2 protein chains.
Amino acid sequence: MSTAPDNAVRAYIDVHRAAFLADLAEWLRIPSVSADPANAADVRRSAEWLVAKLKETGFPTAEIWETGAGNGAPAVFAEWPSGEEDAPTVLVYGHHDVQPAAREDGWHTDPFEPTTIDGRLYARGAADDKGQVFFHTLGVRAHLAATGRTAPAVNLKLIVEGEEESGSPNFPALIAAHADRLACDAVIVSDTGMWSEDTPTVCTGMRGLAECQIDLYGPDQDIHSGSFGGAVPNPATEAARLAAALHDEDRRVTIPGFYDGVVELTDQERELIAELPFDEKRWLRAAHSHGTLGEAGYSTLERVWARPTAEVNGIGGGYQGPGGKTIVPSSARLKLSFRLVAGQDADRVQESVRDWVAARLPEGGGIRHEITFTGSTRPCLTPLDHPALQSVVRAMTKAFGQKIRFTREGGSGPAADLQDVLGAPVLFLGISVPSDGWHAPNEKVELDLLMKGVETAAHLWGDLAATARTGAGA
Amino acid sequence: MSTAPDNAVRAYIDVHRAAFLADLAEWLRIPSVSADPANAADVRRSAEWLVAKLKETGFPTAEIWETGAGNGAPAVFAEWPSGEEDAPTVLVYGHHDVQPAAREDGWHTDPFEPTTIDGRLYARGAADDKGQVFFHTLGVRAHLAATGRTAPAVNLKLIVEGEEESGSPNFPALIAAHADRLACDAVIVSDTGMWSEDTPTVCTGMRGLAECQIDLYGPDQDIHSGSFGGAVPNPATEAARLAAALHDEDRRVTIPGFYDGVVELTDQERELIAELPFDEKRWLRAAHSHGTLGEAGYSTLERVWARPTAEVNGIGGGYQGPGGKTIVPSSARLKLSFRLVAGQDADRVQESVRDWVAARLPEGGGIRHEITFTGSTRPCLTPLDHPALQSVVRAMTKAFGQKIRFTREGGSGPAADLQDVLGAPVLFLGISVPSDGWHAPNEKVELDLLMKGVETAAHLWGDLAATARTGAGA
């Protein structure tokens, strides 16, 4: 079998670590923010950079895939055939776009000038997701070096999209269009995290996501709150009433139909979750929060892993400058996102939200509204006893030298679309930890864990190939 | 008696109209925005300009009064003694500061470059309040010219403050400190409006005002809504829940104690209001609104004139840029204002709001809040049968040649403070109309009405002097 000896993998990684980190830093300098049209050229530059780097790594095929009829952000596809006829095919998923970031949001360093401090690499995208995509480049080289192979033990494919942070609006169409070239026996998603630095885990599911913006229009312009206030509808008040009505006093989402189909946690799942070494104080530190609050009847972990939510990502209307301005504002807007769990359908949730908004606004014509959904992501869940999942657990065990436990991910990724379109199981391989600060200022990746990611990837392809042939791992 | 013949007044005004409007335009070019510290020098320049112009008009005394121990905006005081021993003393009140204005808010012309189109003068402050302060300068000159006097028939005083648009935080202290120099038999407030171009009216009361900003703090930074959303409190949600809870389904304010002491409308007052030629469509046009909404059980006019309200002037939190950003925001803020009516006490309202906010935020320490009140203005009401009010009605009748009706003003001014401190009745003399767009883009004043204001002022001093001597008007 072609799993690599531990020492050979480690030796190879040690030699190439510095060059690998220098390359990663170069990529992180490209501000590939997909949410802001002003960064479109940067997103393209990021894709082109990755194509060149994958070719340098040895992938015979590495190319840009346009999305959304050329209006979407470019994705990157790469392929490295095993050369063995019965080798399984594995597709690695990640994304090269990043969340917005600006120094004045509270960053201690320039978010697009990677900085290493105490074994941590600070940069937007360090953990989410460039770092976790990039560990596969050194991983596959270490796999080859340690096993003496010239091509991977599996037919290795990569799909790295450029719009994940914008809800992957064009990803379902992209994978549908290229389903033949993406065909695989398993998907490895490298866009998730682990429990903590001390407790390595493998993730078995992600929440889905639906996002919308609701624009409310009242008077045609801002008007005097003394002359008219109290007698005309105020769009800022109506925006607030919508946002406030999202949750009842038990912090359950009130939108009719929202919970339809939700797969409830089993007693066994609740026990597994309860067994994890959860430290609320530590979790709150990672959350930079000072208290917990959520759906009544569920623990914090259950709330973020297995329960659907409604969140106000942004609200705005009226005067927000210094001092006061006694107006009834002409407009207001809400940015909402909904995390979805297995059993929920994003399209049906969108319809429920539309109906709910329309029904809640005051009658009489004083408030006009527009609601815009910006893509959606399906939830997904992998069975705990799946053979490929067991391969991931073994590869991680070798790299970490510790028992690997199971978690879920509160965040969202297009994993479920891959599962649906390609008909392949989805596994998760991520080394990020909660303190990495995804979407927040001072995002970082732990360099030690990043190298464990490299090592896991180096072991994984051999184990998956062996498992596919024998039905059992190394 | 010294009331002026109509023709002489009109002749004098016709000759001096052009120079008067040129002077007013010069004043309107000064962007005396009191809410923005960046405009502090402009507010001072506005005060200095007015002092020079009042001296040029003939006031023997015109000077700047510093406020707030030098940290407030400068007010202007001027005095022109009658020279007759038994002349009554009248204090005219106005303000020289203006609301913020920027071209991109929807102005068709530069808000600080006065532009005359079709008999309307467009500029920030044209109606609120520089235009209405300034008509007194030509008014008093016309009074002298038409009566052959060298000093006004009344001891004429002016107080023109510089912080009205910021809630007059230092005005009560200023008038208390200078109560001896401001002493008067009546206050004429020129900072209100009339029913319409066709229906001249005199205002008998204004609502008071309390304003606050509520800052809510959740996580120490924006955090990932997937990793943490649904399990930590969201300050944008809590800001929305506060704003939404301000009103019940009948749009009554829910804050306990808010309505304490409110003087309810009498049946007679409701009848007088109902007799006015109220056209809802026209009112909505002036409001730039597309529907009415307010406290159940009251008409639109009752809602804006005689009922206290709570208004969201601004709300903000989280991501408001293009696209989406799936965060739980670290903070959010609300700017609220409360219009108060006779019988309400601003200090008690502030306490009620403080208590209400503190009681409504979620327990558990996840949300910290700060509430800042920025000044307050007392409500006031003048008895319909007051002799000085009858003088105003007569002067207006001469100027307009029409029956003068009664209104109230939904807006707020520091009139009640003057009434309380100086022990003098407060009358209102304003020529602005609802379409003038106070606090809105494209604020303007109707030049014909502005000149009627000049004419009314020219008649008023003689009538007030005569009324004071005889107890009856001209």
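Residues numbered from 1 in each chain as written. Chains lettered and ligands numbered in written order. Predicted model: local features only at pLDDT ≥ 70, side-chain atom pairs only at ≥ 80, totals over all residues. Heavy atoms only, no water.

Any details on the overall build of chain A? Residues and values, ideally.
Counting secondary structure elements, chain A contains 13 helices and 18 strands. In terms of overall dimensions, chain A is globule-like: its C-alpha atoms have a radius of gyration of 23 Å, near the 23 Å expected for 474 residues. Projecting the C-alpha coordinates of chain A onto the three principal axes gives extents of approximately 80 × 50 × 45 Å. Each of the 474 residues in chain A was classed as buried or not, and the buried ones make up 64%. Here the contacts in chain A between residues at least 6 apart in sequence split such that 79% fall between residues at least 24 apart. Of the accessible surface of chain A, which amounts to about 16300 Å², a share of 48% is contributed by carbon and sulfur atoms. (Helix = DSSP H or I, 4+ residues; strand = E, 2+ residues; numbered from the N terminus. Rg over C-alpha atoms; globule rule 2.2 N^0.38 Å. Buried < 20%, exposed > 50% of the residue type's maximum accessible area, 1.4 Å probe, protein only. Contact = heavy atoms within 4.5 Å. Areas by Shrake-Rupley, 256 points an atom, 1.4 Å probe, with all protein chains shown as cover.)

I'd like a description of the interface of chain B and chain A, backed by residues and values.
Taken together, the contact between chain B and chain A spans 89 residues of the former and 89 residues of the latter. A combined buried area of about 7200 Å² lies between chain B and chain A, and 50% of that area is made up of carbon and sulfur atoms. Our enumeration of links across chain B and chain A arrives at 4 salt bridges. Of the charged contacts in the structure, one is a salt bridge between B:R251 and A:E238, with a shortest N-O distance of 2.8 Å. (Buried area = accessible area lost by both parts, 1.4 Å probe. Salt bridge = Lys/Arg side-chain N within 4 Å of Asp/Glu carboxyl O.)

Tell me about the pattern of salt bridges, residues and numbers included.
For side chains bearing opposite charge, pairing can occur when the charged atoms are close. For the coordinates displayed, the defined rule picks out 54 salt bridges over all chains. Taken together, the shared-partner salt bridges in this structure form one network comprising A:E84, A:D86, A:R149 and A:R469.

Break down the relation of the copies chain B and chain A for me, citing the residues and quoting the values.
Structural alignment of chain B on chain A gives an RMSD of 0.0 Å, achieved by rotating through 180 degrees and translating 0.0 Å along the axis. The transformation just described matches what one would write down for a two-fold rotation axis. A shared binding surface is used by both copies, with 100% of the interface residues of chain B retained as interface residues in chain A. (Least-squares fit on C-alpha atoms with pLDDT ≥ 70 in both.)

Outline the packing of helix α2 (residues 40–57) of chain B against helix α3 (residues 130–147) of chain B, listing residues and values.
Residue and element names in this part refer to chain B. Relative to each other, α2 and α3 sit at 15 degrees, their axes nearing to 10 Å. In this view, α2 runs roughly parallel relative to α3, as classed from their interaxial angle. The two elements α2 and α3 cross, and the hand of that crossing is right-handed. Counted together, S46, W49, K53, L54 and T57 of α2 and K130, F134, T137, V140 and R141 of α3 form the full contact between these two elements. Taken together, the residues of the contact of α2 with α3 sort by class into 4 nonpolar, 3 polar and 3 charged. (Axes fitted to C-alpha atoms, helices over the stretch in contact; angles between N-to-C directions. Parallel < 35°, antiparallel > 145°, perpendicular 65-115°, else oblique. Left-handed = near helix turned anticlockwise from the far one by under 90°. Nonpolar A, V, L, I, M, F, W, Y, C, P; charged D, E, K, R; others polar.)

How would you summarise the domain arrangement of chain A if you had to cite specific residues and measurements?
All names here are of chain A. Domain boundaries assigned for chain A yield domain 1 (6–207 + 380–470) and domain 2 (208–278 + 304–377). A C-alpha centroid distance of 32 Å is found between domain 1 and domain 2. Across the boundary between the two partners, domain 1 contributes 19 residues, which contact 22 residues of domain 2. Of all residues in domain 1, W195, R207 and R408 give up the largest surface area on contact with domain 2, accounting jointly for 49% of the area buried on that side. At the boundary of domain 1 with domain 2, the tally comes to 1 salt bridge. Ionic pairing is found between R408 and E269, a salt bridge with its closest N-O pair at 3.0 Å. (Domains from an automatic or database assignment.)

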